[in-house]
Amino acid sequence: MSETIQITDGLAARLRAALGSWASRLTRHPVADFASQITIDSVRDYTAYAAFLNCLVDARTAPVDREIPYRPDALPPVADRNDLWSLPVRLKKQFHDQEETVVAADSLEPVACNRCAGGALSEPCVTCSDSKVAPCTACTGKGRKSCTHCHGEGKTSCGLCAGSGKVVASVDSNGIPSLGVCSQCMGKKEFPCHDCRSAPLSDCRVCSNRRTVACGPCEGRGTKLCSHCGGAGSFVKGYSTHIAYKVAYHRSMIREANIPEEVFPEDPPTGKLGETVFEAEEAEGAFGTSVLDGAAGKVYANVLAQVPTARVGEPSKLILQSVKIERVPIYLVTYGYEGRPHCAWVSHYENRVLPLDDPFTKHREMLVKQSAQREEAQRRDTRVALLSGAIVSGVSAVLIPLIWEFVQTSPNRHWPLAILGILILMGGLCAIWLLRGRALPSSAVAAAAVVLIMTAFAIASPIHRLDVREFNEKFSVTQNKPFPQWGQDDAASLAQLIKEFSARGVDTSAAQSQQEEYESYLAAVRVQAAREAQARREAAARRKAELARQEADRKAKALAARKRALAKPPAKKAKKRRWFQIL
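Report on the accompanying structure. (Residues numbered from 1 in each chain as written. Predicted model: local features only at pLDDT ≥ 70, side-chain atom pairs only at ≥ 80, totals over all residues. Heavy atoms only, no water.)

As for the overall build of the protein
Thinking step 1. Across its full length, the protein holds eight helices and 18 strands.
Thinking step 2. Across the 583 residues of the protein, 31% fall into the buried class.
Thinking step 3. For the protein, long-range pairs separated by at least 24 residues make up 76% of all intrachain contacts whose partners lie at least 6 apart in sequence.
Thinking step 4. Surface exposure of the protein reaches about 36500 Å², of which carbon and sulfur atoms provide 56%. (Helix = DSSP H or I, 4+ residues; strand = E, 2+ residues; numbered from the N terminus. Buried < 20%, exposed > 50% of the residue type's maximum accessible area, 1.4 Å probe, protein only. Contact = heavy atoms within 4.5 Å. Areas by Shrake-Rupley, 256 points an atom, 1.4 Å probe, with all protein chains shown as cover.)

Structural notes on the pairing of strand β18 (residues 352–355)
Thinking step 1. Here strand β17 (residues 340–347) runs beside β18; their pairing, made up of four bridges, is antiparallel. Opposite Ala344, over in β18, you have Pro355 as the bridge partner. (Pairing = 2+ DSSP bridges.)

A word on the nonpolar core
Thinking step 1. In this structure, Leu15, Leu19, Phe34, Ile40 and Tyr335 are the most contacted members of the largest nonpolar core, which totals 20 residues.
Thinking step 2. Elements represented by at least two residues in this core include exactly α1 (9–24), β2 (39–45), β16 (330–337) and β17.
Thinking step 3. When residues of this core are assigned to their parent elements, the largest contribution, seven residues, is made by α1.
Thinking step 4. Contacts of Ile40, omitting those with residues within four sequence positions, involve Ile7, Ala12, Leu15, Arg16, Leu19, Val333, Thr334 and Tyr335.
Thinking step 5. If you look at the next biggest cluster of nonpolar residues, it comprises 16 residues, including Tyr49, Leu53, Phe278 and Ala296. (Core = buried A, V, L, I, M, F, W, Y, C linked by side-chain atoms within 4.5 Å.)

Points about the environment of Leu108
Thinking step 1. Examined against the element boundaries, Leu108 turns out to sit in the loop between β5 (98–105) and β6 (111–112).
Thinking step 2. Put simply, Leu108 and Lys237 are 129 residues apart on the chain and 8.0 Å apart in space, counted from C-alpha to C-alpha.

Some remarks on a nonpolar patch on the surface
Thinking step 1. On the surface, Leu387, Ile391, Val395, Val398, Leu399, Leu402, Ile403, Phe406 and Val407 cluster together into a nonpolar patch covering about 930 Å² of accessible area.
Thinking step 2. Here Phe406 is to be found in helix α3 (residues 361–407).
Thinking step 3. Residue Phe406 is classed as exposed on the basis of its relative accessible area of 74%. (Patch = residues over 30% accessible without salt bridge, like charges linked within 9 Å, V, L, I, M, F, W, Y side chains within 5 Å. Salt bridge = Lys/Arg side-chain N within 4 Å of Asp/Glu carboxyl O.)

Focus on the packing of aromatic side chains
Thinking step 1. Inspection of every chain in the model, using the stated rule, returns eleven aromatic pairs.
Thinking step 2. Measuring from ring centre to ring centre gives 6.2 Å for Phe34 and Tyr335, while their planes differ by 90 degrees; the resulting arrangement is edge-to-face. You can see Phe34 sitting in the loop between α1 and β2 and its partner Tyr335 sitting in strand β16, a full 301 residues away along the chain.
Thinking step 3. Assessed through its relative accessible area of 0%, Tyr335 is described here as buried.
Thinking step 4. Centroid distance Tyr337 to Phe360: 5.9 Å. Interplanar angle 75 degrees. Geometry classified as edge-to-face. With Tyr337 in strand β16 and Phe360 in the loop between β18 and α3, the pair connects residues that are 23 residues apart, well separated along the chain.
Thinking step 5. By relative accessible area, which is 1% here, Tyr337 ends up buried.
Thinking step 6. Judged by its relative accessible area of 0%, Phe360 is buried. (Phe/Tyr/Trp six-rings, centres within 6.5 Å; stacked < 30°, edge-to-face > 60°.)

Structure (structure tokens):
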């Protein structure tokens, strides 16, 4: 039953701390020192009690008849099947689920097996074929002998560095050695064994290199083992039972019905709740029911009434149990704040507080009003900032393209600059819209957006790209035309192209190279023409000299002929005269 209790200094301090902690966890907490501004007027005690019971139950199944092979070296325990609790158990009395199967004999008097007549079956073992041995599975019947040099390791340690990989390289003036990499093994610490050629073999630990072991299925007998007695030749009669240690958890709670769930949320609760008023553990017995008085004794009796019996199996026995009772202080506190009384539930369970009324109504109304005023001021500032940012963006979108228009001389500047103005306007507006309400003013954001767009425009250089494309289109007309087909207009247009686009900042080195090549071509043509004219003059001179020589020869021949004609008659007369003299 609840009752009004006396308020002590310690209780008041704890309640103030709980209420102050609750107030500090509220969103938009209006009072920083709430705990110091309240007065505890009255406290009603609604203390609850929670009991936790753990039970460990030993449950054993009914015995099942078994015939156990009789082996003198491994005799089963003897126990009366009518007293299952006398069986030896290896399980531990601890609060967790465990299980095992126990085999026991009624007596150790052996009975001869009537199937194998003492364990001697005439059928040969199918595994070893009556040889009583089988190949060693560890070494596959090969047997192995380890290397005497490396002892089956396959590697030998470096002798220079003693397998450390380091040697003393130098010693300083203080006598402290400095280590370096071993020059023999190069820091690897070991070498492959030269005797076994990096194929180490270790001794077989199963057969000791004998290659065979006793046959497992027949235990080295050479004949089949009896499935009834397992080759023992006799058996003892006994039984088996399954033993299980099962844990049952039970919880009970005593509290007032009007305590809200938010203060004491879990029913039954789990974990540490409050002050432990009773804790005990009992083995091989049961707890008494008159240990505690009052509410604690009642919750104690409630939880003990839930001790499991036949629900975990038959037969079963309770072998270990522990109980813990916790006292959870819960108070209905009436406190004063700002001259008005307020009520709240306060629990020591996680210091939970559930107020029955709101002590911060006036503060919340003031905060709501202040918040509305701040929001209105923020909206006004936002509108002003957006307007200023829009003005900056608009002015920049007009002035910057106009300034660039006067600076640039390229006829390709109009459309890129118009697009630049549109980008500046859109980029500035988008930036101030996306960053509205931030610490930066919209004008600065718009200016930053303008600078970024201008930088990107300067890097992209669309006007220069258009000039380069126009130059390449015009230059391709003369670039692919052979020099012999050039006319005077082609040379003039190339010179005009170089002059015009050099002023725009376009690289005209290719056109200048072609112009120089054309001038070299013209110079070569002029030289060739001069050479041909000189050759023609020399040929005419040679023809004139040849004609003069021919004319002189003709005249000389005519003169000689005339001379011969004038000299011919006297010769004939002289010849006749000689003939007359001869006659």
